[in-house]
Amino acid sequence: MNNDVRKSHRNRRKYYKRSNREYQSAKDSNTKVSNSEIEQTENGFVQLQGMDSKNIPEIVRSTYEKAFLEFDTEEKRKRIRSCERQIGQLERRIARKKHQENHQILADMKDLHKRAAAIGYTVAVYDQSLRKKFSHALMMLMKLDIRFLQKMASGAVPEDIAEMEKTAELLRVKSLYEIYKEDYMQYLVGRRIEELMGAEPEKQYPEARGMKRHFILHIGPTNSGKTYQALQRLRQAYRGIYLGPLRLLALEVYDRMMASGIPCSMITGEETIRTPGSFVQASTIEILDIREVYDIAVIDEAQMMADENRGSFWTRAILGIRAEEIHICCSGTAEDLLIRMIKRCGDTYDIVRHERNTKLEFIPERYDMNKDVQPGDALIAFSKKNVLAIAATLEKKGIKASVIYGNLPPQTRQEQVRLFTEGINQVVVATDAIGMGINLPIRRIVFMNTVKFDGTDKRRLRAEEIRQIAGRAGRYGYYDVGYVQSALDMEYVGKKLEEPFYPLKKARIGFPEVLLDIDMELDEIIEAWEKTKNLPMYDKISMAESVKKYRYLRHYRRKLSYMDDRKFVLSLITCPFDVKDREVLKLWLRYCENPQQQRDCPMLPSDFSLEGLESYYKQLDLYTQFSGRMNWVIDREEVAANREWAQHEIGELLKEDKEQFEKRCRGCGKPLPWDYPYPVCDHCHRTGRGREK
């Protein structure tokens, strides 16, 4: 190797050594705190210059001590090894934050607090001798938190945040600033909501409080004639109203009144029939106008005031309806709660108890659909697909079956009821929709399964649900005894039928419009309201579906001029429709793009399947609801004609051979049992056939 090459290598090594020294020096200047920035005390603690611990408010100090030095004895946390060394490392990490950028500080805050909580647990539980050293590190963390909070949110007051009940718990996982941004503002909104909702629900209806109202409580089980007796009194009304849970029940009351020569109107969310000179109105509970005055009112199925999604409409009717005489029909579970509500309103009441007109007996033997089917049976499943599959299986055996489920239009459902009542169809197959006010001559209720999907999860039936459905067995004038049986879980059904009644504890209340003035996004206001504590005797309805609808609209914010009008937006997102039906959802979004624009009646569908026709009927429902809210002038005759056409087509499909609804393997087309849980048979599953379909 010649001299020039050696010289070149020496120079290169010198250059790298000098560069490494400069790099290490620069690195050390970034990762170490200089002596001018920290000083070493006699005890060896690292202390930030210029910080006075006397300025820390006592409420803040005590909150930090509670967070990092007071732990539940049952709380299980991992013990930190080499705890004294860990305290020193924590102090140095905190000291380095003084010269870092805001985003760098924020990125490390959660880890600092979690590390402090882990060390604090070890000190508090295992090594009290290190308490003084850890208290110093805790003071440094406190100062860092306060300084960073004041830097990032100048208007924030540490004492106010510390006074929040859950601050100590939150400090173990996040900084004071993060608590302020993520939790404290929500806490303030919650307090504001509680202030605005300070008035008890009864006091929100001053006109009703100014009346002398008298309630007649018709208490009894299903099939005890309580609604019938209340309607007998309604016939004598000069201006009366019936309020029920289903459009079908409103239609049934309308038909009864008209048949007995009493002029009656029917108003539901989906359709309106106004009879000139009517004395009585039959409606679904949501339609009640509390500004109207009645002499007699009937509120049916009042135990539904505890329902998570619709209960607030019953609560509103009970507290706010302006009528001198109010008949309430309900099960025994609602009696105590109703009495308390009436007393708080300052009203009077009488109780009329009703007993079943027929006996109800449970048959403990397993029901076999292959050999036990008899005329008058009602087979209960909990999905439309299973209802249709069971009906198809029965008709394949030569047993004609009516079908009843939630999506059926009222007229179609009435036709299915007629076919069963007149004996044209021997049995009825239904979902739990049969349990709410549909009077059928049923000899025996059979639970084909005991699990239902409630919109969130699959769960077993509750005792009150089993009793409500089972109560439809046995009808006065047809059968003196009603029977209950099960195709599986016989012991479970029998046990639930014998289970004692558990009284309702709370009624549901709805979202109060007074909260719309809060300066937040509507979905945030709703969610903050849902998190506030409940009032005595009252709980909140679920607004999850309304929040989902609002977030659909928020994607169109730039296109929609009305989004700042929260009351208007609230009316749009509380419009009830089936969000899971994509065609109906698309139609709603189309209407929401320009709600004031007059729209034509939805055109007839191109899909003539059962699902397509049912979806079209729901689109007609949405059209009439939306037009009512937006005051559109619509051709009611055209809507009625299209509604009747859809109902007729659905009815014809259900009258025809139900074999089309039989469950079949999508691989080979082989018939499957109605309760078969998979889309392909065992053979196709083993061979892989049908997977690609």
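Keep in mind the model is a prediction, meaning the values are calculated, not measured.

A. Just the pairing of strand 12 (residues 377-380), in detail. Burial of strand 12 is two-sided: the residues D377 and L379 facing one way and the residues A378 and I380 facing the other way are all buried. Alignment of strand 12 against strand 15 (residues 444-447), held across four bridges, turns out to be parallel. Opposite D377, over in strand 15, you have R444 as the bridge partner. Inspection of the sheet shows strand 12 paired to strand 14 (residues 427-430) by three bridges, in the parallel sense. Residue pairing across strands places A378 opposite V428, the latter belonging to strand 14.

B. Looking closely at the pattern of salt bridges. With the rule as written, the count across this model stands at 44 salt bridges. Between E614 and K384 there is a salt bridge, and its shortest N-O distance comes to 2.4 Å. Within this pair, whereas E614 is found in helix 22 (residues 610-630), its partner K384 is found in helix 14 (residues 384-396), the two being separated by 230 residues in sequence. The shortest N-O distance in the salt bridge between K496 and E499 comes to 3.0 Å. The class for K496 is buried, based on a relative accessible area of 15%. It is possible to trace a salt-bridge network through shared partners that takes in D432, K452, R459, R462 and E465.

C. Here's a closer look at the sheet that holds strand 15. Strand order in the open sheet made by the six strands is 11-18-15-12-14-13, with parallel pairing throughout. Of all strands in the sheet, those with a lone pairing partner are strand 11 (359-366) and strand 13 (401-404), marking the two edges. With direction set aside, neighbouring strand axes in the sheet form an average angle of 20 degrees. Packing of helix 15 (residues 410-421) onto the sheet brings it into contact with strand 12, strand 13 and strand 14, and relative to strand 13 it is tilted by some 150 degrees.

D. The arrangement of a negative patch on the surface in detail. Side chains of D600, D635, E637 and E638 sit close together on the surface and give a patch of like negative charge. As for its placement among the helices and strands, D635 is situated in the loop between helix 22 and helix 23 (636-655). By relative accessible area, D635 is classed as partly exposed at 43%.

E. Representation of the nonpolar core within the structure. By size, the foremost hydrophobic cluster in this structure holds 47 residues, and its most contacted members are F511, L553, Y562, I573 and W588. Looking at this core, the elements that each hand over two or more residues are helix 8 (176-196), helix 18 (522-531), helix 19 (544-554), helix 20 (566-573), helix 21 (582-593), helix 22 and helix 23. Excluding residues within four positions of it along the chain, F511 makes contact with L516, I525, I526, W529, M543 and L570. Core analysis: the next-biggest nonpolar cluster, separate from the first, contains 43 residues, I161, L176, I179 and Y180 among them.

F. Here's a closer look at the packing of aromatic side chains. For the coordinates displayed, the defined rule picks out 17 aromatic pairs. Aromatic pair Y591 and Y623: ring centres 6.4 Å apart, planes at 50 degrees, arrangement tilted. Of this pair, Y591 sits in helix 21 while Y623 is found in helix 22, placing the two residues 32 residues apart along the sequence. Neither Y591 nor Y623 differs from the other in exposure class; each is buried. Note on Y591 and F626: the rings are 5.3 Å apart at their centroids and 50 degrees apart in plane angle, and the pair reads as tilted.

G. Just the environment of A156, in detail. Within the fold, A156 resides in the loop between helix 5 (131-152) and helix 6 (158-163). For A156, a relative accessible area of 7% puts it in the buried group. Here A156 is in contact with L149 and Y180, once residues within four sequence places are set aside.

H. Inspection of unusual backbone geometry at higher detail. Of note in the backbone geometry, S82 takes a positive phi value of approximately 50 degrees without being a glycine. Looking at the element boundaries, S82 is found in the loop between helix 2 (58-69) and helix 3 (83-96). The backbone of M537 shows a phi angle near 75 degrees, a positive value even though the residue is not glycine. Residue placement: M537 occurs in the loop between helix 18 and strand 20 (538-540). For M537, a relative accessible area of 9% corresponds to the buried category.

I. Inspection of the sheet that holds strand 9 (residues 322-330) at higher detail. Ordered in space as 6-5-7-4-8-9-3-10, the eight strands form an open sheet in which the pairing is mixed. In this open sheet, the two edge strands, each paired with only one partner strand, are strand 6 (272-273) and strand 10 (348-353). Across the sheet, helix 11 (residues 247-259) is in contact with strand 4 (240-244), strand 5 (264-267), strand 6 and strand 7 (280-284); its angle to strand 5 comes to roughly 170 degrees.

J. Here's a closer look at helix 13 (residues 335-345). Within the sequence span of helix 13, burial applies to E335, L337, L338, I339, M341, I342 and C345. With its phi angle positive at about 80 degrees, G346 sits one or two positions after the end of helix 13.

Conventions used here
- Residues numbered from 1 in each chain as written.
- Predicted model: local features only at pLDDT ≥ 70, side-chain atom pairs only at ≥ 80, totals over all residues.
- Heavy atoms only, no water.
- Buried < 20%, exposed > 50% of the residue type's maximum accessible area, 1.4 Å probe, protein only.
- Helix = DSSP H or I, 4+ residues; strand = E, 2+ residues; numbered from the N terminus.
- Pairing = 2+ DSSP bridges.
- Salt bridge = Lys/Arg side-chain N within 4 Å of Asp/Glu carboxyl O.
- Axes fitted to C-alpha atoms, helices over the stretch in contact; angles between N-to-C directions.
- Contact = heavy atoms within 4.5 Å.
- Patch = residues over 30% accessible without salt bridge, like charges linked within 9 Å, V, L, I, M, F, W, Y side chains within 5 Å.
- Areas by Shrake-Rupley, 256 points an atom, 1.4 Å probe, with all protein chains shown as cover.
- Lys, Arg positive; Asp, Glu negative; His and termini not counted.
- Charge placed at Lys NZ, Arg CZ, Asp CG, Glu CD.
- Core = buried A, V, L, I, M, F, W, Y, C linked by side-chain atoms within 4.5 Å.
- Phe/Tyr/Trp six-rings, centres within 6.5 Å; stacked < 30°, edge-to-face > 60°.

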